[in-house]
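Examining the three-dimensional arrangement
So you can see what is in the structure, the chains are spelled out below.
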Amino acid sequence: VAAGVMLCSTFSHAADKLVLGFAQVGAESEWRTANTESIKSSAKEAGVDLKFSDAQQKQENQIKAIRSYIAQKVDVIAFSPVVESGWEPVLREAKAAKIPVILTDRAIKVSDDSLYTAFIGSDFLEEGRRGGRWLEDHYKGAQGPINIAELQGTVGSAPAIDRHNGLIEVIKSDDRFKIIASQSGDFTRAGGKQVMEAMLKSYGKQIQVVYSHNDDMAIGAIQAIEEAGLKPGKDIVIVSFDATKGGFQAMMAGKMNVSVECSPLLGPQLMETAKLVAAGKSVPKRIVTKETVFPMETAAAAFPSRKY
Ligand code: AHR
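Thresholds applied
- Residues numbered from 1 in each chain as written.
- Predicted model: local features only at pLDDT ≥ 70, side-chain atom pairs only at ≥ 80, totals over all residues.
- Heavy atoms only, no water.
- Pairing = 2+ DSSP bridges.
- Helix = DSSP H or I, 4+ residues; strand = E, 2+ residues; numbered from the N terminus.
- Axes fitted to C-alpha atoms, helices over the stretch in contact; angles between N-to-C directions.
- Contact = heavy atoms within 4.5 Å.
- Salt bridge = Lys/Arg side-chain N within 4 Å of Asp/Glu carboxyl O.
- Buried < 20%, exposed > 50% of the residue type's maximum accessible area, 1.4 Å probe, protein only.
- Parallel < 35°, antiparallel > 145°, perpendicular 65-115°, else oblique.
- Left-handed = near helix turned anticlockwise from the far one by under 90°.
- Nonpolar A, V, L, I, M, F, W, Y, C, P; charged D, E, K, R; others polar.
- pLDDT = per-residue confidence, 0-100.
- Near = heavy atom within 4 Å.
- Polar contact = N/O pair within 3.5 Å; in protein donor to acceptor, adjacent residues only side chain to side chain.
- Areas by Shrake-Rupley, 256 points an atom, 1.4 Å probe, with all protein chains shown as cover.
- Expected span 1.5 Å × (residues − 1).
- Phe/Tyr/Trp six-rings, centres within 6.5 Å; stacked < 30°, edge-to-face > 60°.

Moving on to the sheet that holds strand β4 (residues 76-79). Read from one edge to the other, the open sheet built from six strands follows the order β3-β2-β4-β5-β6-β13, with strand pairing classed as parallel. Taken across any chain shown, the strands that pair with only one partner, and hence form the sheet edges, are β3 (49-54) and β13 (286-288). Taken over all neighbouring pairs, the strand axes of this sheet differ in orientation by 15° on average, direction set aside. The strands that helix α2 (residues 59-71) touches are β2 (19-24), β3 and β4; relative to β2, the one it contacts most, it runs at about 170°. Those strands touched by helix α9 (residues 267-278) are β2, β4, β5 (101-104), β6 (118-121) and β13, and its axis lies near 165° from that of β5.

Structure follows, in structure tokens:
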């Protein structure tokens, strides 16, 4: 955890409820729905006045929402950035207005780290490595080539970039693994199905592994694989991310081999951090979510306690 940052108590509603403006990515996945629900319910529980906007996966909508929170003089702004780059101008405006900004879920690339106060979320690079290590383990002793079709998340988003890089980091020294196709399905079920259909048309049975950046795209891909007369989980190994209930159901049906956990339940930590920041207290710059890996064999036992 990086060193803490201290902010002056700049919030405008000190005596009243904390006003938090939150700019959400959209509603693209089961994960995102759970994330929105976590933020809304924790705000209620924490007595935070939440202003919520849904950007429908468009950066310009998020920027507009952030500008409107600045104009409304909220106490704290939080957002889950659609993509990594392009945030400096609007964050400079927030800084000039002395409104602290908390990032949740996804990271950004800025030359000046003081443009945000804290970042709460997963380590996507480590998640990618976990997916890669599972593959190494699964194919221990097997002969190559092992052909991978990759379903990428939203182009330019932190989870798409890092889950790809994490995989590469692990498999680059093992020349049995080859990524023969890689395309974005934008983290949606429909996108995953459409991309998988096209990949099956081009590569057919050459595909041994689908490495899908989230469960929704994997579920879409599973449908496409079944419609092509193949058995997902057997003829084609499915590696996925999130570990949502939908992912668990696919694992319990034997159609998904592993889901690397990515927790959307960031609401309670966000409310706690926003209150500290608004009160001028020191908070860690980076708060990493604790997560694990669920291979299909563990799914039935873990399912009853899953919260999303
Ligand atoms: O940023 C987190 C990712 O975004 C999740 O893996 C995905 O399901 C969501 O859409």
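Let's shift gears to the pattern of salt bridges. Under the criterion given, the structure shown has 22 salt bridges. The closest approach of N and O atoms between Arg 106 and Glu 28, which form a salt bridge, is 3.7 Å. With Arg 106 in the loop between β5 and β6 and Glu 28 in the loop between β2 and α1 (30-46), this pair connects stretches of sequence that are 78 residues apart. Here the two residues Arg 106 and Glu 28 agree in accessibility, since each one is buried. Notably, a salt bridge pairs Lys 193 with Glu 227, separated by 3.2 Å at the nearest N-O pair. Placement of Lys 193 in helix α6 (residues 189-203) and of Glu 227 in helix α7 (residues 215-227) is noted, with a sequence separation of 34 residues between them. Given the relative accessible area of 58%, Glu 227 is considered exposed.

Interaxial distance between α6 and α7 falls to 7 Å at its minimum, and their mutual angle equals 40°. Relative to α7, α6 is oriented oblique. Here the hand of the crossing between α6 and α7 comes out right-handed. On α7, the residues that touch Arg 189, Gly 192, Lys 193, Met 196, Glu 197 and Leu 200 of α6 are Asp 216, Met 217, Ile 219, Gly 220, Ala 221, Gln 223, Ala 224, Ile 225 and Glu 227. Of the residues belonging to the contact of α6 with α7, the class tally is seven nonpolar, three polar and five charged.

Attention now goes to the packing of helix α4 (residues 124-138) against helix α5 (residues 158-171). Each pair of packed helices can be described by the angle between their axes along with the distance between the axes. Running from amino to carboxyl end, α4 crosses α5 at an angle of 40°, the nearest separation of the two axes being 7 Å. Between α4 and α5, the angle falls in the class oblique. For the pair α4 and α5, the crossing hand works out as right-handed. The residues of α5 that touch α4, namely those facing Phe 124, Leu 125, Glu 127, Gly 128, Arg 129, Gly 132, Arg 133, Leu 135 and Glu 136, are Ala 158, Pro 159, Asp 162, Arg 163, Asn 165, Gly 166, Leu 167, Glu 169, Val 170 and Ile 171. For the contact of α4 with α5, the per-class residue count stands at eight nonpolar, four polar and seven charged.

The next subject is the confidence of the model for the protein chain. Counting all residues, the mean pLDDT for the protein chain is 95, and 95% of those residues have values of 70 or more. Throughout residues 1-11 the model reports pLDDT below 50, and contacts reaching past four residues in sequence, or to other chains, amount to 29 contacts. Among the scores for the predicted complex, ipTM is 0.99 and pTM is 0.94.

With that settled, the discussion passes to the site of the ligand. Close to the ligand lie Glu 28, Ser 29, Trp 31, Arg 32, Asp 105, Arg 106, Phe 124, Pro 159, Arg 163, Phe 187, Asn 214 and Asp 242, which account for all nearby residues. In the model, an oxygen atom of the ligand is placed 2.5 Å from a nitrogen or oxygen of the Glu 28 side chain. Within the side chain of Arg 32, one N or O atom sits 3.1 Å away from an oxygen atom of the ligand. Notes on the ligand: free accessible area 280 Å², of which the protein chains cover 100%. Broken down by secondary-structure element, the contributors of at least two residues to the shell around the ligand are α1 and α5.

What follows covers α9. The terminal C-alpha atoms of α9 lie 16 Å apart, and with 12 residues this matches the ideal 16 Å at 1.5 Å per residue to within 8%. All of the buried residues along α9 are Gly 267, Leu 270, Met 271, Thr 273, Ala 274, Val 277 and Ala 278. Two residues or fewer after α9 comes Gly 280, characterised by a positive phi angle close to 80°.

Counting across every chain of the model gives six aromatic pairs. Aromatic side chains Tyr 139 and Phe 177 sit 6.0 Å apart centroid to centroid with 80° between the ring planes, which places their arrangement in the edge-to-face category. Of this pair, Tyr 139 sits in the loop between α4 and β7 (146-152) while Phe 177 is found in strand β8 (residues 177-184), placing the two residues 38 residues apart along the sequence. Judged on exposure class, the residue Tyr 139 and its partner Phe 177 are both buried. The rings of Phe 248, Phe 294 and Phe 303 are connected pair by pair, giving a single aromatic cluster.

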